[in-house]
Amino acid sequence: VSVSAFFLPTTFKARGRDSPRRAGAAENYDPILDWKPPTSNEIAQLQQRVLEPMKALTSAVFFSTDEQGARHEGLSHLSMNYDSSKPILFVSNHQLAGFDSWIVVNEILDQCGIFVRSMTHPFLSKNPSSFLETFGCLPVSPRKFYKLMQSNQPILLFPGGARESFHKTNEAYSMIAWPTDDKADFVRIAAKFGATVVPFSSVGAAESAFFLDELPFADTINQALVQLVGADNAPYDARYDGGETISFPLILPKPFPARHYFLFGTPLDMSTVDYKDRDACKQKYKEIKQKIQNGCWDLMRAREQDPYDDPLRRVPFETLW
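Summary of the structure given here.

Focus: the nonpolar core
Right, so step 1: Counting residues in each nonpolar core, the largest one holds 31 residues, and the members touching the most others are Phe90, Ile108, Phe131, Phe135 and Phe264.
Right, so step 2: Elements with a contribution of two residues or more to this core: α1 (40-58), β3 (88-92), α3 (100-112), α4 (130-134), β7 (196-203) and β10 (261-264).
Right, so step 3: Sorting elements by how many residues they give to this core places α3 first, with seven residues.
Right, so step 4: Excluding its chain neighbours within four sequence positions, the residues that come into contact with Phe135 are Trp35, Ile43, Leu46, Leu51, Val105, Leu109, Phe115, Val116 and Arg117.
Right, so step 5: Of all hydrophobic cores here, the second largest spans 27 residues; its members include Val91, Leu138, Val273 and Cys281.

Following this line, the structure appears as structure tokens:
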């Protein structure tokens, strides 16, 4: 089913618009088992201060897919498929600079009432923001991922990691940074616990910046940045297998960001996959990856029909209405 058949111009509408998780002794605190969701007041404050302005700036639109493959505006069909008795894992491509996780976590909570814990780069734990602390984000690692699954907590994972969010000019939505098919460990863990996997695709961030990495002096700029921040603060791939070398994203933000689009696919039941069968897990990993890739292509084709994709039309309309 092509999303373009659903994304008609009339579909796109411009938008006009003591912590309980720290209870207990610090030395015995378990950030996975002891963490508690924030209060409604804490959530409202953060939404008003950070998340809603970010969503309004990108004019983000969300779509979900029902079991018949039909696509619908909003995430209502995602909540209909949510079974709270088993783990749920949201898997996606990672957009430029990585702010997509903020928007997604907030929207899933807002529309579905599902509190998702995002796996983030360990560097962010050195300088945690109010969002990271309030929403229970965790530095990504196999052990933490396993423990979250084991404790039946909803998770958001970006297999492409920092390498994908720091992509270069011609790498947007290419999935080039994802682990090879023989390193599908998150699929094996999801299968072990019979999790529901929700693949989703997102686009928009790459079109919100000017890329400078093809300039003749780009390497010199990157080296200067590493010296400026220090080697310990330079970007690195957090995957346990070492991954790839990462460079600073050499970009300049555009005056107005492009519209962001999110497409949530049909949930996949991993209880039917034998986690001991590496070939079966490898095939399921390829399926998840391809669904996300296809979703990105569908979104890029569909946004050509959106009269509000152009910020020069969208921003004045949303400002006035």
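A short note on the packing of aromatic side chains
Two aromatic rings, taken as a pair, are described by how far apart their centres are and by the angle between their planes.
Right, so step 1: Within the structure shown, the criterion is met by eleven aromatic pairs.
Right, so step 2: Centroid distance Phe186 to Tyr285: 5.8 Å. Interplanar angle 70°. Geometry classified as edge-to-face. Of this pair, Phe186 sits in helix α7 (residues 185-192) while Tyr285 sits in helix α9 (residues 278-302), placing them 99 residues apart in sequence. For the pair shown, Phe186 and Tyr285 are each scored as buried.
Right, so step 3: For the ring pair Tyr308 and Phe317, a centre distance of 4.9 Å and an interplane angle of 55° mean the geometry is tilted.
Right, so step 4: Note on Phe317: relative accessible area 28%, which makes it partly exposed.
Right, so step 5: Cluster of aromatic residues (ring-pair linked, three or more members): Phe62, Phe90, Phe200, Phe262 and Phe264.
Right, so step 6: Here Arg117 stacks its cationic end above the ring of Trp35, 4.2 Å away from the centre of that ring.
Right, so step 7: The positively charged end of Lys254 is found above the aromatic ring belonging to Phe210, 5.3 Å away from the centroid.

What to know about the packing of α1 against α3
Right, so step 1: Their axes nearest at 10 Å, the elements α1 and α3 cross at an angle of 115°. α1 and α3 meet at a crossing whose hand is left-handed. Together, Ile43, Gln47, Val50, Leu51, Glu52, Met54, Lys55 and Thr58 of α1 and Trp102, Ile103, Asn106, Glu107, Leu109 and Asp110 of α3 make up the contact between the two elements.
Right, so step 2: When grouped by side-chain class, the residues that make up the contact of α1 with α3 number seven nonpolar, three polar and four charged.

Let's talk about α3
Right, so step 1: Along its 13 residues, α3 runs 18 Å from first to last C-alpha, staying within 8% of the 18 Å computed at 1.5 Å per residue.
Right, so step 2: For α3, a buried count of eleven out of 13 residues is recorded, marking the element as mostly surrounded by other parts of the structure.
Right, so step 3: Those residues of α3 that fall on the buried side of the exposure criterion are Asp100, Ser101, Trp102, Ile103, Val104, Val105, Asn106, Glu107, Ile108, Leu109 and Cys112.
Right, so step 4: Of the residues flanking the end of α3, it is Gly113, one or two places downstream, whose phi is positive at about 70°.

A closer look at helix α10 (residues 311-320)
Right, so step 1: For α10, the complete set of buried residues consists of Pro311, Arg314 and Glu318. Along the axis of α10, the buried residues cluster in a sector spanning 65°; they form a single face. What points out from α10, more than 90 degrees from its buried face, is the exposed set Leu312, Arg313, Thr319 and Leu320.
Right, so step 2: In this structure, the buried side of α10 is in contact with α1.

Reading guide: rules and limits
Residues numbered from 1 in each chain as written. Predicted model: local features only at pLDDT ≥ 70, side-chain atom pairs only at ≥ 80, totals over all residues. Heavy atoms only, no water. Core = buried A, V, L, I, M, F, W, Y, C linked by side-chain atoms within 4.5 Å. Buried < 20%, exposed > 50% of the residue type's maximum accessible area, 1.4 Å probe, protein only. Helix = DSSP H or I, 4+ residues; strand = E, 2+ residues; numbered from the N terminus. Contact = heavy atoms within 4.5 Å. Phe/Tyr/Trp six-rings, centres within 6.5 Å; stacked < 30°, edge-to-face > 60°. Lys NZ or Arg CZ within 6 Å of the ring centre and 35° of its normal. Axes fitted to C-alpha atoms, helices over the stretch in contact; angles between N-to-C directions. Left-handed = near helix turned anticlockwise from the far one by under 90°. Nonpolar A, V, L, I, M, F, W, Y, C, P; charged D, E, K, R; others polar. Expected span 1.5 Å × (residues − 1). Arc of directions from axis to C-beta.

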